[in-house]
Amino acid sequence: MSKHSQGSGLRPFHYFEEVIAGIALVVLVAAVCWGVVTRYITETPAAWTGDIASVSFAWLIFMGSAAAFKYGMHMSIDLAWMLIPAGPRRILGALVDLLILAFLAYATWLGVKFCLSTMDDPMPILRWPRAILYAALMCGFACMFLRYAGIALRKFKGDTEPTHRLAETPDEGGAGWA
């Protein structure tokens, strides 16, 4: 396991994104299943399942994206990148990191803005504030920003070891074939 993922003072938050995304997945599946059961078996559909599914889907997507971000699972094409000499690549890499951080900060700010502007806009059935949906965007991008800021800082200091990685062998808790 990576030295960065062991012994950290923030250990309780190590799997934060995965826990939230996992809970959202369970809620999403339960709501959709209950909606199907009430619609086709009892013939009295539960109207609230659509709102619950929408909220949980938003949280699943944004927190799942943050978890994928943490493990470096988002797609990148580095063919041309590897052709750049090491010196210019380091400078260009720092600029790319700043651009990514700026985008993540802007997306987080938009999430905050959307949350605040939709506090009085209720969802159709449950009448919950629509801000609950945009809170997923805000939290997901905030997690991505914080994770990437740590990665960018480590890269700036010259540490290129991955911060987190998925388990690859059965001894590490993985399938052994990944």
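Quick caveat, the model's predicted, so the values are computed rather than measured.

Some remarks on the packing of aromatic side chains
Right, on to step 1. Under the definition given, this model contains 5 aromatic pairs.
Right, on to step 2. When the centroid spacing of 5.6 Å and the interplanar angle of 65° are considered together, the rings of Phe69 and Tyr148 count as edge-to-face. Of this pair, Phe69 sits in helix H2 (residues 49-70) while Tyr148 sits in helix H5 (residues 131-156), and the two are 79 residues apart along the sequence.
Right, on to step 3. Aromatic rings pair up to connect Phe62, Phe103 and Phe141 into one cluster.
Right, on to step 4. Above the plane of the ring of Phe156 lies Arg90, whose end atom (NZ or CZ) is 6.0 Å from the centre.

Considering helix H4 (residues 86-117)
Right, on to step 1. A rise of 1.5 Å per residue sets the reference length of H4, with its 32 residues, at 46 Å; its end C-alpha atoms lie 46 Å apart and thus fit the reference within 8%.
Right, on to step 2. Listing the buried residues of H4 in full gives Gly93, Asp97, Leu101, Leu104, Ala107, Thr108, Gly111 and Cys115.
Right, on to step 3. Looking at the buried positions of H4, the neighbouring elements they touch are H2, helix H3 (79-83) and H5.

Details of the nonpolar core
Right, on to step 1. Grouped together as the largest cluster of nonpolar side chains are 26 residues, with contacts concentrated most on Trp59, Leu104, Phe141, Met144 and Tyr148.
Right, on to step 2. Among the elements of the structure, helix H1 (16-40), H2, H4 and H5 are those that each provide at least two residues to this core.
Right, on to step 3. By residue number, the principal contributor to this core is H5, which donates 10 residues.
Right, on to step 4. The residues contacting Phe141, other than those within four sequence positions of it, are Phe62, Phe103, Leu104, Ala107 and Thr108.

Observations concerning the side chain of Asp97
Right, on to step 1. Considering the arrangement of structural elements, one finds Asp97 in helix H4.
Right, on to step 2. Engagement of the side chain of Asp97 in a polar contact is seen with the side chain of Lys155, the distance being 3.0 Å.
Right, on to step 3. Beyond its immediate sequence surroundings of up to four residues, Asp97 is in contact with Tyr148, Ala152 and Lys155.

Remarks on the environment of Asp51
Right, on to step 1. Relative to the elements of secondary structure, Asp51 occurs in helix H2.
Right, on to step 2. Between the C-alpha atoms of Asp51 and Pro124, which are 73 residues apart in sequence, the distance is 7.4 Å.
Right, on to step 3. In this structure Asp51 touches Met123, Pro124, Ile125 and Leu126, once residues within four positions along its chain are discounted.
Right, on to step 4. Engagement of the side chain of Asp51 in a polar contact is seen with the backbone nitrogen of Leu126, the distance being 2.9 Å.

What about the pattern of salt bridges?
Right, on to step 1. What the rule picks out here adds up to 5 salt bridges.
Right, on to step 2. The partner of Lys155 in a salt bridge is Asp97, with the nearest N and O atoms 3.0 Å apart. Taken together, the residues Lys155 in helix H5 and Asp97 in helix H4 connect sequence positions 58 residues apart.
Right, on to step 3. The class for Asp97 is buried, based on a relative accessible area of 7%.

What counts and how
Residues numbered from 1 in each chain as written. Predicted model: local features only at pLDDT ≥ 70, side-chain atom pairs only at ≥ 80, totals over all residues. Heavy atoms only, no water. Phe/Tyr/Trp six-rings, centres within 6.5 Å; stacked < 30°, edge-to-face > 60°. Helix = DSSP H or I, 4+ residues; strand = E, 2+ residues; numbered from the N terminus. Lys NZ or Arg CZ within 6 Å of the ring centre and 35° of its normal. Expected span 1.5 Å × (residues − 1). Buried < 20%, exposed > 50% of the residue type's maximum accessible area, 1.4 Å probe, protein only. Contact = heavy atoms within 4.5 Å. Core = buried A, V, L, I, M, F, W, Y, C linked by side-chain atoms within 4.5 Å. Polar contact = N/O pair within 3.5 Å; in protein donor to acceptor, adjacent residues only side chain to side chain. Salt bridge = Lys/Arg side-chain N within 4 Å of Asp/Glu carboxyl O.

Everything listed here is a matter of coordinates, which is why it stays silent on function.
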